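Structural description and commentary
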Amino acid sequence: MARGPEDLANTLKRIDGRGYRAYRDIEGSYELPTHKLVIDHVQGDPFATPSRVRVVVPGAQTGFDSSLYATADRNRALCDFITRVAAAACARETQRAGTGRSGVISIDTPGPEILERTSVNIGDSGLEARLSVGLPAAGRRVLGKKAADMLLGRVSSVVTSSLFLSSLDESAVARHIESIEDQCALREQLTDRGLVAFVGDGSSLPRRSGVDPRPMTEGVVRFRSPESLRCEFTLPNAGTVSGMGVPAGVTVIVGGGYHGKSTLLRAMELGVYDHPSGDGRELVATVPDAVKIRAEDGRSVRGVNISPFISNLPLGRDTVDFSTDEASGSTSQAANIAEALEYGTSLLLIDEDTSATNFMIRDQRMQELVAKDREPITPFIDKVRQMHDELGVSTIVVIGGVGDYFDVADTVVLMDAYLPSDATERAREIASRHVNERTSEGGEAFGRVSRRAPEPGSLDPRRGKRSERADAKDRSTILFGRTALDLSAVEQLVSVSQTRAVADCLLLLRRRFMDGELTVSELLDRLDELLDERGLDALSRFPLGGYARPRRQEIAQALNRFRTLSVRQLS
């Protein structure tokens, strides 16, 4: 027999004043007038991670027509909209009362990117929202009356104000879904049009600060495409939109300091994700496998073929199967590119400001002073064309002080007072007048891309005698067993919820797929197939509301940062 609200109220009355662990008596399901309340897990202490609660509304009662979630993109957009409304409702209904996390009601709150999440799920059978609640306590004693008000009153208010179509702005729901549908359609058309990125006219690219990703509101110069690079797309809802198309190949972005070069690159870097209306970047789209590359002093490198960029090391050290505990700036940047080619990308995004200078170029004077046979580094400028011509991998690179890149560029975009112009012909004319006498050091071919098979025994998720554990401490830190992974340089990881999913993806790979024979790319293929089929719930035995789906690129970057990683190079 199903339990009702009176059963929950009576239990809370019975355990009022008892030790906090008595809250475990309320675990289970309760049928309420508007929804089912499922208390999956009760925290063991008021200072611990809040309790996990699900609210389920039958499909016939939600009011959402199936057309609103008929496709994967529309479903993701609708769930994102509901999650944002529910997050605001949770903030309103939170009443801090008692010790620790008492009184907190929360849901995994989205940022400026629209991701596949587990916070809200919707289908023909109904709608489910996954909340966290801090059950009230005085010291470590149950506050039963406050808990009843919280679970039967304030959580129910969250449900009624956010999980029914009748409580939402239906036109806003439609606009949100249609905007995401358009962004997906735009991104899907890029490759067929010979493009790797697109920035729509009227876009607002600057953010408020480096720690505030909201759009800047004052003094913003709206993006306007140069005529020569302007192209149009027809989208299913917005119709025809125009903007700057970035062709496949080698694109160089130049301009004076503080004129918007890095801001443009950052927008394209996050153009792999969709954005909500009003973000300013709704019409910035980048091929979905694009990878931002930077130097990363001190990172660990394991068994990577960096020989296309670094070879002929002193004492004959091997760079085809290269490992180090403390990579230099140039070595780490070479490894980051080699790994990206291995796990899959069609576009590299590079900013000179976060690159190793000696990796990007060696000028004529330095070539004359230090002979090539004494310099292990083959600079990026001499490999960037080979990557595109041989491997089909494009590059967008921000350059502030090295005009030699004009010689290898297909397209040159000049940023001036935050507006772009097509400077390709002018750059070529300048290059023809100032003949570059430096010698290309790239050789006849790019070289071999790594194929590595990770050894499962090199990833240990155990913490002493405790069970296997993988946790996200924050957006940029994973604790895998006793191993800490620093992901601060993985710039396209945008949410701690993604990092949490990355941690459990690594755990799943270690337990289920890693056999010492499958390559990094093959492992990621298996994982993608599983997540496409079962969703993010495949990562846990329990229904968790705090996952957001990461790309395979970020999962691979986390794997590659294990200092304990052992791999076998395959031919």
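In this report, the structure presented in the accompanying data block is examined. No experiment lies behind these values; they were computed from the predicted model shown.

Some details on the side chain of Glu-282
Here Glu-282 lies in the loop between α6 (261-269) and β13 (284-286). Nearest to the buried, unbridged Glu-282 among oppositely charged side chains is Arg-222, at 6.7 Å. At 2.6 Å, the side chain of Glu-282 and the backbone nitrogen of Gly-278 are in polar contact. Here Gly-280 takes part through its backbone nitrogen, which lies 2.8 Å from a polar atom of the side chain of Glu-282. Excluding residues within four positions of it along the chain, Glu-282 makes contact with Ser-179, Gln-183, His-275, Pro-276 and Ser-277.

A short note on the sheet that holds strand β10 (residues 230-235)
Here four strands make up an open sheet; going across it, the order is β10-β11-β9-β13 and the pairing antiparallel. The sheet terminates laterally at β10 and β13, the two strands that pair on one side only. Pairs of neighbouring strands in the sheet enclose a mean axial angle of 35°, with direction left out of account. Pairing of strand β9 (residues 195-200) with β13, which is carried by three bridges, proceeds in the antiparallel orientation.

Re the side chain of Gln-569
Inspection of the secondary structure puts Gln-569 in strand β25 (residues 567-569). Among the polar contacts made by the side chain of Gln-569, one reaches the main-chain carbonyl oxygen of Gly-303 at a distance of 2.9 Å. Only 3.1 Å separates the side chain of Gln-569 from the backbone oxygen of Val-320, close enough to count as a polar contact.

A short note on the pairing of strand β5 (residues 120-123)
Strand direction decides the pairing type here: β5 and strand β6 (residues 126-133), joined by four bridges, are antiparallel. Each bridged residue has a counterpart across the sheet, and for Gly-123 the counterpart in β6 is Gly-126. Where β5 folds back onto β6 in an antiparallel hairpin, the turn is made up of two residues.

Some details on the nonpolar core
Ranked by size, the top nonpolar core spans 81 residues in total, and within it Ile-337, Phe-380, Tyr-405 and Leu-506 carry the most contacts. With nine residues, the top contributor of residues to this core is helix α12 (residues 496-513). Apart from the residues within four sequence positions on either side, Phe-380 is in contact with Phe-309, Ile-337, Ile-350, Phe-359, Met-360, Met-387, Thr-395 and Tyr-405. Within the second largest apolar cluster, 55 residues are counted, among which are Tyr-30, Val-55, Ala-129 and Ala-172.

Considerations on unusual backbone geometry
At Asn-312, a position not held by glycine, the phi torsion is positive, near 55°. Residue placement: Asn-312 occurs in the loop between β15 (301-304) and β16 (322-324). Notably, Ala-417 is not glycine yet its phi reads approximately 55°, a positive angle. Inspection of the secondary structure assignment puts Ala-417 in the loop between β19 (411-416) and β20 (419-422).

Things to note about helix α10 (residues 384-391)
Within the sequence span of α10, burial applies to Val-384, Gln-386 and Met-387. Taken down its axis, α10 places every buried residue within 165° of arc, on the same side. Here the buried face of α10 lies against β12 (250-255), α7 (329-343), β17 (347-351) and β18 (394-398). Once α10 ends, the next one or two residues include Gly-392, with phi positive near 75°.

Some words on the sheet that holds β12
The six strands lie next to each other as β14-β17-β18-β12-β19-β20, forming an open sheet whose pairing is mixed. The open sheet terminates on both sides in strands that have one partner only, identified here as β14 (291-293) and β20. The average undirected angle you get between the axes of adjacent strands in this sheet is 20°. Strand direction decides the pairing type here: β17 and β18, joined by five bridges, are parallel. By the bridge assignment for β18, Ile-350 is matched with Val-397.

Topic: the pairing of strand β2 (residues 36-41)
With four bridges joining them, strand β1 (residues 28-31) and β2 adopt antiparallel strand pairing. In the sheet register, Tyr-30 faces β2, and the bridge partner there is Leu-37. In sequence, β1 turns back onto β2 through a hairpin of four residues. Where β2 and strand β3 (residues 51-58) come together, five bridges link them in antiparallel fashion. Note on β3: the bridge partner recorded for Lys-36 is Val-56.

Considering the environment of Ala-72
Along the chain, the position of Ala-72 falls in helix α3 (residues 72-93). In this structure, the C-alpha to C-alpha distance between Ala-72 and Ser-300, residues 228 residues apart in sequence, is 37 Å.

Let's talk about the packing of α3 against helix α5 (residues 170-189)
Close contact between α3 and α5 brings their axes to 9 Å; oriented N to C, the two are set at 135°. Classified by the interaxial angle, the pair formed by α3 and α5 is oblique. Handedness of the α3/α5 crossing: right-handed. Between α3, through Asp-73, Arg-74, Arg-76, Ala-77, Leu-78, Asp-80, Phe-81 and Arg-84, and α5, the contact on the second element is made entirely by Ala-172, Val-173, His-176, Ile-177, Ile-180, Glu-181, Cys-184 and Glu-188.

Definitions and limits used
Residues numbered from 1 in each chain as written. Predicted model: local features only at pLDDT ≥ 70, side-chain atom pairs only at ≥ 80, totals over all residues. Heavy atoms only, no water. Helix = DSSP H or I, 4+ residues; strand = E, 2+ residues; numbered from the N terminus. Buried < 20%, exposed > 50% of the residue type's maximum accessible area, 1.4 Å probe, protein only. Lys, Arg positive; Asp, Glu negative; His and termini not counted. Salt bridge = Lys/Arg side-chain N within 4 Å of Asp/Glu carboxyl O. Polar contact = N/O pair within 3.5 Å; in protein donor to acceptor, adjacent residues only side chain to side chain. Contact = heavy atoms within 4.5 Å. Pairing = 2+ DSSP bridges. Axes fitted to C-alpha atoms, helices over the stretch in contact; angles between N-to-C directions. Core = buried A, V, L, I, M, F, W, Y, C linked by side-chain atoms within 4.5 Å. Arc of directions from axis to C-beta. Parallel < 35°, antiparallel > 145°, perpendicular 65-115°, else oblique. Left-handed = near helix turned anticlockwise from the far one by under 90°.

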